[in-house]
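# Structural description and commentary
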Amino acid sequence: MTLLDFARGPALYWSTLIMVCGLVWRLAGVALLPFRPDRSAAGPQSRGRVRGALGTIVSRSLPRRTFLARTFATVVVGYAMHLGLLIILLGGAPHILLVAQATGLSWPSLPKGVVALASAVTLVTLVFVLVRRCTHPVLRLLSNFDDFLSIVLTLVPVATGILLAEETVLPYRTLLTWHILSVEAMMIWLPFGKLSHVVFVFAGRAVSGAKLGKRGATT
Amino acid sequence: MKPRDTLGQKLAGYGISRRALLKFAAAAATSLALPPGVAPAIAESLSGARRQSLIWLSFQDCTGCLESLTRSDAPGIERLIFDFISLDYQETLMAAAGAAADETLVRAARDNHGKYLLAIDGSVPTAEGGVHSMVGGRTNMDMLAELAEGAAAVLAIGTCAAYGGIPKAAPNPTSAVGIADLVKEKPIVNIPGCPPIPEVLTGVLVNFLTFGRLPDLDDLGRPLAYFGTTIHDQCYRRPYYDQGKFAHSFDDEGARQGWCLFELGCKGPTTRNACASLKWNGGTSFPIQSGHGCLGCSEPDFWDKGSFYTSLSGGEGPPWDAVGGAAAVGLGIGGAAAFAARRSRAAVDRQLAKEWQRDHGATATSKTEEDGP
Amino acid sequence: MSGMPPSLAPAAKPGAKPATRRVAESRDQADRARLDAAMRGFISDFGPEAAVYMEACLHCGQCAEACQFYVETGDPKYTPIWKIEPFKQAYSREMGPFAPFFRAFGLTPKVTLGELEGWQELLYDSCNMCGRCSLVCPAGIDIADLVEKARHGMFEAGLVPGDYLGALAGKEQETGNPFGISREDVRRALLEIGRSHGVEMHVDEPRAAVVPTVSSIDLKMYPASIAATARVLNHVGASWSFRTDGFDADNVSLTAGDRTGQRLVTEAIVDAATRCGAEVLIMPECGHSYTEMRWEAANTVGHALPFRVLHMSEYLAECLDAGRLKLRPVTPDPEGRGVTFHDPCQLSRRSGRSDAPRKVMAALGLDLHELADHGADSWCCGGGGGVALINRARPLRDKAFAIKRRQVADTGAGTVIVSCTGCRQTFEHGFKDAGGETGVGSLLDLVAGQLEEDGKTP
């Protein structure tokens, strides 16, 4: 069995299982803690817990004007990186093929140039994020191993993906192998580190959105 | 021992000029990825080279490799290179048979000990002491061990000899293996393919005759000059892949337009071979050109890598049962963790209550304050 | 009652046998025990919500940019989420879904008591629990709520700034107010205020539809506000009464992290209002006491409250809507500078009632110049969450106040209207320390001065 076969076969299989298992584990470990019902009366402008939760999931993706002047860099970089990743994942022809093979769902891909541009932007922002984390006083204070590992594990698949698509430096097969393996490494780490924010930012928004929504406060 | 005439003399005998040899040398240099300036040197050493002894053994095989290599469309110079080789033993091709054939083999091995090239097609069965493939009462394993010992180098011709090939496909009843699994002491060149491209063997021989050594190999023991890039990288349909234009069935518009066969299971992106550049049948065509995806036949274990018609980026679909199982396991562990957390929290609450009672004592239980005035 | 955590146990009533001061006692605990106590205190009221917050942090650092203490000092240690760092680690090790791994492999270093002592400044001196960080967080983490939980841990470990905040909370447990004023003294003081301001005062009446509470700070510093409360309630014709058994809304225990004290204060007020059949409980112009009573009291006492809880400005706005409160417009100031309004974080951002005080100001015909950041976006004055009670924090508080001062100056208004006693005090101190001349006015006092008394002048 070559490394590529390993990456496509057992590695993909097990990393998927580990990712699913870890995420459910972490969510269950949190969600099954004793829940205390809220007995307070709703506010006069209450939107209710459910609408508050759903509204906040959306609204916290949009920056508030009052904070924007000071968080501009973070917001722009955050948008660029996440939109870039989204374009690569949902617009790249090979990724769509993968989904089509797995689920039968298919949609038109974006032109290669667009995906290449998005990849470049994502790579640059990821490097910027890494550098900023090492230099910004607040981020330096907050950061731990997990933060850096999570960024690197996102960066490597993007980098190998770009090399793969551009057919440079190394043979296709080698790059494909490392691209797949790096994605799998990311999948394995996802539930255990900061990458779990793919689930937990929305959970966090829902929780505080439910609380503030019931009060009728701005979320 | 036969007198050894040089290739130059031999070619002259066939009416082939030095100019034609030079042309061939240039082609060989190109196919070996050598600079064009080397061509005269190649021609020079070829024409001065002496006949090289080659012993060819066929093990657990289908003879397809030999068919491919000896198939002759219009005899060209590369064909004649074979004439220069002193093919001292080849069971299928040689005239001698029985005891006479064995005798030839023994003599050739003895006379050229340490100098002959050992070419093998077919895999080596190892189960039950190797009895699944025997020649003249001797197992392939024995023959290989004995003849490899006196060889200058071993050429594993075809995917079976190189990596075990189809005989090694699951469940591999004969425990077939490739040559490299058994021969550790000698340099081995793998020329995989089912069958391999004839020109590749010619190229390797030219290299050996010219420079007296084997060509540069990749990590799977294949000549880099021919196996350095993937079919996909050299494929004439590659632009369609980059544009996202794919045939979705063998008779759709995409197939008629000659679009990329990736979705129909083409293994071009993971297969290293020279099919797309050298092509087959005298450079006429190759599978993708005729509308079928690459099977990846020159890669190890190609038979066991799932359907030929399943595209590379997809498997057989997600293993939903396993994913569900993983989720259930996660729920179990997470639930246990939450339960443990609940218990430790309850313990904290008990502890706090105890301290609180110690501090506040009986006042906590009795209401000392009456209603306000 | 063993097996029942103190926060769920029936609480001793104020005025009962004096409770032991946990703060003083815990000073004697061994370091280890105190650390354990801190972590226990933190995790013991953890539910799914707080746990989700713990899991969700991205370390993006945006909360720092929302915090007046970081913005004005530039010191990264004031990053809001960093203020609960030791407790985050405790959570990972003790309660999180991967807690066994964290313990087995020692993935988070055990916090030392020394470190925790260092965190006292971050958790008490430099956090108003104003929730501005909670609003910016892309993961929706309610950092203010987590700081409150972290303070529980600090209290259990005896790490409250004891010289001030802890002592106040101790007194509060004994008397129901942080200054240790006895019920009889409160009663006398209230009646005296009524007499000196010429307003009819209702104290401890057995039945009352409306029960106002006040901050004890008002008793000492702003007695006019207490008179104003009485004047307005008389004006709207409510059946009302102060209750000396549930009078002080400050709840310093809450800001100190003393859950027992917090519960005692809350229960005393709920009991007092319930006993006299109140329909409305008015919280004074005070921040955290409002959110505690409005959103948490029902959970603390374990049942829905039989009365409504309203902030004073909400009550005023309701009376305006009902036509019971008639106001004369204020005469514009001669310089025409107008006024600006400082939103109390707990009312505006945390409870979504920015509209109530504005409705009242509109009725007063005030020329309102809004601050650049107002309503839910308003910056905290820097005094909330008990910070105003900590003497040593005053220089830091003044620094954090600078942002407010700048925004007030930018509006050009001559007066800042506030609707929270704590904010009012912080503004007065802040302007004084900075040598400014901007006036600070209480919305309630302003309303009490503009009552349309059916032809009578007030």
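Rules of the game
- Residues numbered from 1 in each chain as written.
- Chains lettered and ligands numbered in written order.
- Predicted model: local features only at pLDDT ≥ 70, side-chain atom pairs only at ≥ 80, totals over all residues.
- Helix = DSSP H or I, 4+ residues; strand = E, 2+ residues; numbered from the N terminus.
- Buried ≥ 20, exposed ≤ 12 C-beta atoms within 10 Å, placed from the backbone.
- Contact = placed C-beta atoms within 7 Å.
- Nonpolar A, V, L, I, M, F, W, Y, C, P; charged D, E, K, R; others polar.
- Pairing = 2+ DSSP bridges.
- Axes fitted to C-alpha atoms, helices over the stretch in contact; angles between N-to-C directions.
- Core = buried A, V, L, I, M, F, W, Y, C linked by C-beta atoms within 7 Å.
- Domains from an automatic or database assignment.
- Parallel < 35°, antiparallel > 145°, perpendicular 65-115°, else oblique.
- Left-handed = near helix turned anticlockwise from the far one by under 90°.
- Expected span 1.5 Å × (residues − 1).
- Bend = angle between axes of the 7 residues up to and from the residue.
- pLDDT = per-residue confidence, 0-100.

### Here's the deal with the overall build of chain B
Across its full length, chain B holds 15 helices and nine strands. Looking at the 373 residues of chain B, the share that counts as buried comes to 42%. Long-range pairs, those at least 24 residues apart, make up 70% of the contacts in chain B between residues at least 6 apart in sequence.

### With respect to the overall build of chain A
A count of helices and strands for chain A gives nine helices and zero strands. Its C-alpha atoms put chain A at 65 × 40 × 40 Å along the principal axes. A sequence separation of at least 24 residues applies to 74% of the contacts in chain A between residues at least 6 apart.

### Points about the interface of chain A and chain C
Contact with chain A, which involves 47 residues of that partner, is made by 48 residues of chain C. Secondary-structure elements contributing two or more residues to the side of chain A that touches chain C are helix 1 (3–31), helix 3 (65–91), helix 6 (137–142) and helix 9 (197–215) of chain A. Per-element tally for the side of chain A that touches chain C: the top contributor is helix 9 of chain A, with 10 residues. Of the residues in the side of chain A that touches chain C, the class split is 19 nonpolar, 17 polar and 11 charged.

### Quick notes on unusual backbone geometry
Residues and elements named next belong to chain B. Across the junction of A170 and P171, the peptide omega takes the value 5 degrees, indicating a cis bond. Summarising the element assignment, P171 is placed in the loop between helix 8 (159–163) and strand 8 (176–177). In this chain, C194 is followed by P195 through a cis amide linkage whose omega measures 0 degrees. Mapped onto the fold, P195 is located in the loop between strand 9 (188–191) and helix 9 (198–211). With a phi angle near 50 degrees, E128 is a residue other than glycine that sits in the positive phi range. Mapped onto the elements of the fold, E128 is located in the loop between strand 4 (124–125) and strand 5 (134–135).

### Points about the sheet that holds strand 5 (residues 415–418) of chain C
Residues and elements named next belong to chain C. With parallel pairing, three strands are arranged side by side in an open sheet as 4-5-6. Among the strands making up the open sheet, the edge pair consists of strand 4 (339–342) and strand 6 (439–442). If you compare each strand with its neighbour and ignore which way they point, the axes differ by 30 degrees on average. Relative to strand 6, strand 5 runs parallel, the two sharing four bridges. Its bridge partner being in strand 6, I417 is matched across the sheet by G441.

### Concerning the pairing of strand 7 (residues 153–157) of chain B
Residues and elements named next belong to chain B. With four of five residues buried, strand 7 lies mostly within the body of the structure. With five bridges connecting them, strand 3 (residues 117–121) and strand 7 associate as parallel partners. Among the inter-strand pairings, D121 is bridged to a residue of strand 7, identified as I157. Pairing of strand 7 with strand 9, which is carried by four bridges, proceeds in the parallel orientation. Looking at the pairing, I157 lines up with I191 of strand 9.

### Describing the nonpolar core
If you look at the biggest cluster of nonpolar residues, it comprises 200 residues, and the most contacted ones within it are C:V211, C:M283, C:V360 and C:V447. The element that contributes the greatest number of residues to this core is helix 1 of chain A, accounting for 14 residues. Apart from the residues lying within four places of it in its own chain, the contact partners of C:V211 are C:W240, C:S241, C:R243, C:A272, C:A273, C:C276, C:A278, C:L281 and C:I282. Counting residues in each nonpolar core, the second largest holds 82 residues, with B:Y116, B:I120, B:C194 and B:L209 among its members.

### What about the environment of A:G204?
Following the sequence through the fold, A:G204 ends up in helix 9. Note: C-alpha distance between A:G204 and A:T56 (148 residues apart in sequence) is 9.5 Å. Those residues in contact with A:G204 that lie beyond four places of it in its chain are C:V52, C:Y53, C:A56, C:A139, C:G140 and C:I141.

### As for the sheet that holds strand 2 (residues 86–90) of chain B
Residue and element names in this part refer to chain B. One open sheet accounts for five strands, arranged 2-1-3-7-9; its pairing is parallel. Single-partner strands in this sheet number two, and they are strand 2 and strand 9. Averaged over all neighbouring strand pairs, the angle between strand axes comes to 20 degrees, with direction disregarded. Each of strand 1 (53–58) and strand 2 is contacted by helix 6 (residues 98–111), which is oriented at about 135 degrees to strand 2, the strand it contacts most.

### Here's the deal with the domain arrangement of chain B
Residues and elements named next belong to chain B. Domain annotation of chain B identifies domain 1 (50–227) and domain 2 (231–304). With centres defined by C-alpha atoms, the gap from domain 1 to domain 2 works out at 28 Å. The interface is formed by 17 residues belonging to domain 1 together with 14 residues belonging to domain 2. Those elements giving two or more residues to the side of domain 1 that touches domain 2 turn out to be helix 8, helix 9 and helix 10 (224–227). Taken together, the residues of the side of domain 1 that touches domain 2 break down into 12 nonpolar, two polar and three charged.

### Let's talk about the packing of helix 3 of chain A against helix 5 (residues 112–135) of chain A
All names here are of chain A. It is at 8 Å that the axes of helix 3 and helix 5 come closest, and there the two elements cross at 140 degrees. With respect to their mutual orientation, helix 3 and helix 5 come out oblique. Helix-helix and strand crossings are classified by hand; for helix 3 and helix 5 the assignment is left-handed. For the pair helix 3 and helix 5, contact is made by V77, A80, M81, G84, L85, I87, I88 and G91 and by V114, V115, A118, S119, V121, T122, T125, L126, F128 and V129, respectively. Among the residues making up the contact of helix 3 with helix 5, the classes are represented as 13 nonpolar, five polar and no charged.

### Overview of the environment of C:G439
Residues and elements named next belong to chain C. Examined against the element boundaries, G439 turns out to sit in strand 6. Residue classification places G439 among the partly exposed positions, given that 16 C-beta atoms sit within 10 Å. C-alpha separation for the pair G439 and A413, spaced 26 residues apart in sequence, amounts to 9.2 Å. With residues near it in sequence (within four places) discarded, G439 still touches G414 and T415.

### Some remarks on the environment of A:D147
By secondary structure assignment, the location of A:D147 is in helix 7 (residues 145–166). Those residues in contact with A:D147, other than ones at most four positions away along the chain, are A:R133, A:K194 and C:H59.

### With respect to helix 1 of chain A
With 29 residues, helix 1 of chain A extends 39 Å between its outermost C-alpha atoms, agreeing within 8% with the 42 Å of an ideal straight helix rising 1.5 Å per residue. When the local axis directions of helix 1 of chain A are compared, the greatest deviation, roughly 45 degrees, occurs at A:A11.

### A few points about the confidence of the model for chain B
Residues and elements named next belong to chain B. A residue-level look at chain B finds 87% of positions with pLDDT of 70 or above and a mean pLDDT of 82. Ranking the helices and strands of chain B by mean pLDDT puts helix 8 first, with 95, and helix 5 (residues 77–84) last, with 60. With pLDDT under 50 throughout, residues 362–373 is counted as low confidence; its partners more than four residues away or in other chains account for 23 contacts. As a predicted assembly, this complex carries a pTM of 0.72 together with an ipTM value of 0.92.

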